[in-house]
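Geometric and topological summary
The primary structure of each chain is shown beneath.
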Amino acid sequence: EKIQTYKSGHPSLKNRVLFVNEKEGSPEAAFMIRNNAIKEGAEIQRLVKKGYMIRTRADADTKEARLNDYTMFEAAKKSGAQVITPIIICHQRILNVTTKLFLMTENMLEQLIGQMAKSKVIIEM
(Lines give C-alpha, C1' and ligand atoms only; values in the text may rest on other atoms or scores of the structure.)
Protein backbone atom coordinates (compact mmCIF):
# COMPACT_ATOMS: atom_id res chain seq x y z
CA GLU A 1 0.00 0.00 0.00
CA LYS A 2 2.86 2.43 0.83
CA ILE A 3 4.45 1.86 -2.56
CA GLN A 4 1.16 2.44 -4.40
CA THR A 5 0.63 5.68 -2.44
CA TYR A 6 4.15 6.81 -3.29
CA LYS A 7 3.72 6.01 -7.01
CA SER A 8 0.25 7.52 -7.30
CA GLY A 9 0.19 10.44 -9.73
CA HIS A 10 3.87 10.06 -10.59
CA PRO A 11 4.28 7.99 -13.77
CA SER A 12 7.79 6.51 -13.97
CA LEU A 13 8.36 8.10 -10.52
CA LYS A 14 8.71 11.55 -12.10
CA ASN A 15 9.54 14.14 -9.40
CA ARG A 16 10.13 11.39 -6.84
CA VAL A 17 13.44 10.90 -5.03
CA LEU A 18 13.32 7.18 -4.19
CA PHE A 19 13.04 3.99 -6.21
CA VAL A 20 10.45 1.29 -5.53
CA ASN A 21 10.76 -2.47 -5.90
CA GLU A 22 8.90 -3.20 -9.14
CA LYS A 23 8.91 -5.94 -11.76
CA GLU A 24 11.62 -5.89 -14.39
CA GLY A 25 10.57 -3.82 -17.39
CA SER A 26 7.88 -1.73 -15.66
CA PRO A 27 8.29 2.06 -16.04
CA GLU A 28 8.98 2.45 -12.31
CA ALA A 29 11.49 -0.41 -12.13
CA ALA A 30 14.98 0.69 -11.17
CA PHE A 31 15.43 -0.91 -7.75
CA MET A 32 14.82 -4.60 -7.04
CA ILE A 33 15.16 -6.91 -4.08
CA ARG A 34 16.73 -10.33 -4.41
CA ASN A 35 17.11 -11.84 -0.93
CA ASN A 36 19.40 -14.79 -1.58
CA ALA A 37 22.65 -14.05 -3.41
CA ILE A 38 23.69 -17.70 -3.09
CA LYS A 39 20.69 -18.92 -5.11
CA GLU A 40 20.08 -15.75 -7.14
CA GLY A 41 23.64 -14.57 -7.80
CA ALA A 42 23.44 -15.01 -11.58
CA GLU A 43 20.06 -13.24 -11.67
CA ILE A 44 21.47 -10.36 -9.61
CA GLN A 45 24.44 -10.03 -11.97
CA ARG A 46 22.11 -10.04 -15.00
CA LEU A 47 19.91 -7.32 -13.52
CA VAL A 48 22.90 -5.17 -12.48
CA LYS A 49 24.25 -5.41 -16.05
CA LYS A 50 20.86 -4.20 -17.31
CA GLY A 51 21.18 -1.13 -15.06
CA TYR A 52 18.97 -2.07 -12.13
CA MET A 53 19.93 -1.27 -8.55
CA ILE A 54 19.72 -4.45 -6.48
CA ARG A 55 19.38 -5.04 -2.73
CA THR A 56 20.37 -8.45 -1.40
CA ARG A 57 21.08 -9.87 2.03
CA ALA A 58 24.25 -10.72 3.93
CA ASP A 59 22.28 -12.47 6.64
CA ALA A 60 18.80 -13.86 7.20
CA ASP A 61 17.21 -13.46 10.64
CA THR A 62 20.70 -13.06 12.18
CA LYS A 63 21.26 -16.81 11.69
CA GLU A 64 24.55 -16.36 9.83
CA ALA A 65 25.74 -13.65 12.22
CA ARG A 66 25.24 -15.91 15.24
CA LEU A 67 27.18 -18.70 13.50
CA ASN A 68 29.88 -16.32 12.24
CA ASP A 69 29.04 -17.61 8.74
CA TYR A 70 30.09 -15.20 5.97
CA THR A 71 28.94 -17.41 3.07
CA MET A 72 25.90 -15.30 2.19
CA PHE A 73 27.83 -12.05 2.68
CA GLU A 74 30.58 -13.23 0.31
CA ALA A 75 27.97 -14.30 -2.26
CA ALA A 76 26.27 -10.90 -1.91
CA LYS A 77 29.56 -9.08 -2.58
CA LYS A 78 30.33 -11.35 -5.55
CA SER A 79 26.84 -10.81 -7.00
CA GLY A 80 27.49 -7.13 -7.70
CA ALA A 81 24.39 -5.97 -5.80
CA GLN A 82 24.72 -2.32 -4.81
CA VAL A 83 22.85 -2.65 -1.49
CA ILE A 84 23.56 -5.39 1.05
CA THR A 85 21.47 -5.74 4.22
CA PRO A 86 21.39 -6.25 7.15
CA ILE A 87 24.51 -4.66 8.55
CA ILE A 88 24.87 -7.02 11.54
CA ILE A 89 27.14 -9.55 9.83
CA CYS A 90 29.35 -6.91 8.28
CA HIS A 91 30.72 -5.31 11.44
CA GLN A 92 34.18 -6.96 11.32
CA ARG A 93 34.50 -7.58 7.60
CA ILE A 94 33.47 -4.19 6.22
CA LEU A 95 37.01 -2.85 5.99
CA ASN A 96 37.95 -5.73 3.70
CA VAL A 97 35.24 -4.94 1.16
CA THR A 98 36.69 -3.89 -2.17
CA THR A 99 33.40 -2.95 -3.84
CA LYS A 100 31.27 0.04 -2.91
CA LEU A 101 28.52 -1.08 -0.56
CA PHE A 102 25.60 0.79 0.93
CA LEU A 103 24.40 -0.96 4.07
CA MET A 104 20.94 -0.28 5.44
CA THR A 105 18.62 -2.42 7.51
CA GLU A 106 15.31 -3.39 5.91
CA ASN A 107 13.43 -1.55 8.66
CA MET A 108 15.33 1.67 7.89
CA LEU A 109 14.51 1.29 4.20
CA GLU A 110 10.81 0.70 4.91
CA GLN A 111 10.65 3.72 7.20
CA LEU A 112 12.36 5.91 4.61
CA ILE A 113 9.94 4.85 1.86
CA GLY A 114 6.99 5.41 4.21
CA GLN A 115 8.19 8.92 5.07
CA MET A 116 8.78 9.79 1.43
CA ALA A 117 5.30 8.53 0.47
CA LYS A 118 3.80 11.06 2.92
CA SER A 119 6.17 13.83 1.84
CA LYS A 120 5.16 16.63 -0.47
CA VAL A 121 8.76 17.29 -1.45
CA ILE A 122 9.29 17.70 -5.17
CA ILE A 123 12.73 17.82 -6.68
CA GLU A 124 13.08 19.65 -9.97
CA MET A 125 15.72 18.22 -12.26
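This text follows the structure it describes.
A few points on the structure.

Criteria and cut-off values
Residues numbered from 1 in each chain as written. Predicted model: local features only at pLDDT ≥ 70, side-chain atom pairs only at ≥ 80, totals over all residues. Heavy atoms only, no water. Helix = DSSP H or I, 4+ residues; strand = E, 2+ residues; numbered from the N terminus. Expected span 1.5 Å × (residues − 1). Bend = angle between axes of the 7 residues up to and from the residue. Buried < 20%, exposed > 50% of the residue type's maximum accessible area, 1.4 Å probe, protein only. Contact = heavy atoms within 4.5 Å. Core = buried A, V, L, I, M, F, W, Y, C linked by side-chain atoms within 4.5 Å. Axes fitted to C-alpha atoms, helices over the stretch in contact; angles between N-to-C directions. Parallel < 35°, antiparallel > 145°, perpendicular 65-115°, else oblique. Nonpolar A, V, L, I, M, F, W, Y, C, P; charged D, E, K, R; others polar. Salt bridge = Lys/Arg side-chain N within 4 Å of Asp/Glu carboxyl O. Pairing = 2+ DSSP bridges. Right-handed = clockwise from strand over helix to strand, strands pointing away.

If you trace the backbone, P11 turns up in the loop between helix 1 (2–7) and strand 1 (20–21). The spatial distance from the C-alpha of P11 to the C-alpha of P27 is 7.5 Å, given a sequence separation of 16 residues.

In this model, helix 2 (residues 37–49) (13 residues) spans only 15 Å end to end at C-alpha, well below the 18 Å of a helix rising 1.5 Å per residue. At E43, helix 2 shows its largest bend, some 35°. Buried within helix 2 are the following residues: A37, G41, I44 and L47. In this structure, the buried side of helix 2 is in contact with strand 2 (29–33), strand 3 (53–57) and helix 4 (71–79).

M32, Y52 and I54 are the most contacted members of the largest nonpolar core, which has 14 residues in total. Look past the residues within four positions of I54 in its chain and what remains in contact with it is M32, R34, I44, L47, V48, A81, Q82 and V83.

Packed helix pairs are specified by the crossing angle of their axes together with the interaxial distance, meaning the distance between the axes. Two numbers describe how helix 2 lies on helix 4: the axes approach to 9 Å, and their chain directions differ by 5°. By the angle between their axes, helix 2 is roughly parallel relative to helix 4. In this structure, helix 2 uses A37, I38, G41, I44 and Q45 to contact helix 4, whose residues at the interface are T71, M72, A75, A76, K78 and S79. Of the residues contributing to the contact of helix 2 with helix 4, the split by class is 6 nonpolar, 4 polar and 1 charged.

Here we take up the pattern of salt bridges. In total, this model carries 5 salt bridges according to the counting rule given. For E24, the salt bridge is made with R46, and the minimal N-O distance between the two is 2.8 Å. Of this pair, E24 sits in the loop between strand 1 and strand 2 while R46 sits in helix 2; the two residues are 22 residues apart in sequence, bridging distant segments of the chain. When the shortest N-O distance is used, the salt bridge between E43 and R46 registers 3.1 Å. Taken together, the residues E43 and R46, both in helix 2 and 3 residues apart, mark about one turn of the helix. Given the relative accessible area of 27%, E43 is considered partly exposed.

Spatial ordering of the open sheet is given by 1-2-3-4, a layout of 4 strands whose pairing is parallel. Unpaired on one side and paired on the other, strand 1 and strand 4 (83–85) mark the two borders of the sheet. Here helix 2 sits on the sheet and contacts strand 2 and strand 3; the angle it forms with strand 3, its principal contact strand, is near 170°.

With 4 of 5 residues buried, strand 3 lies mostly within the body of the structure. Summarising the sheet, strand 2 and strand 3 pair through 3 bridges and their orientation is parallel. Residue F31 lies in a different strand from strand 3, and its bridge partner there is M53. Handedness of the crossover joining strand 2 and strand 3 through helix 2 is recorded here as right-handed. Relative to strand 4, strand 3 is paired through 3 bridges, and the arrangement is parallel. Within the sheet, the bridge partner assigned to R57 lies in strand 4 and is T85.

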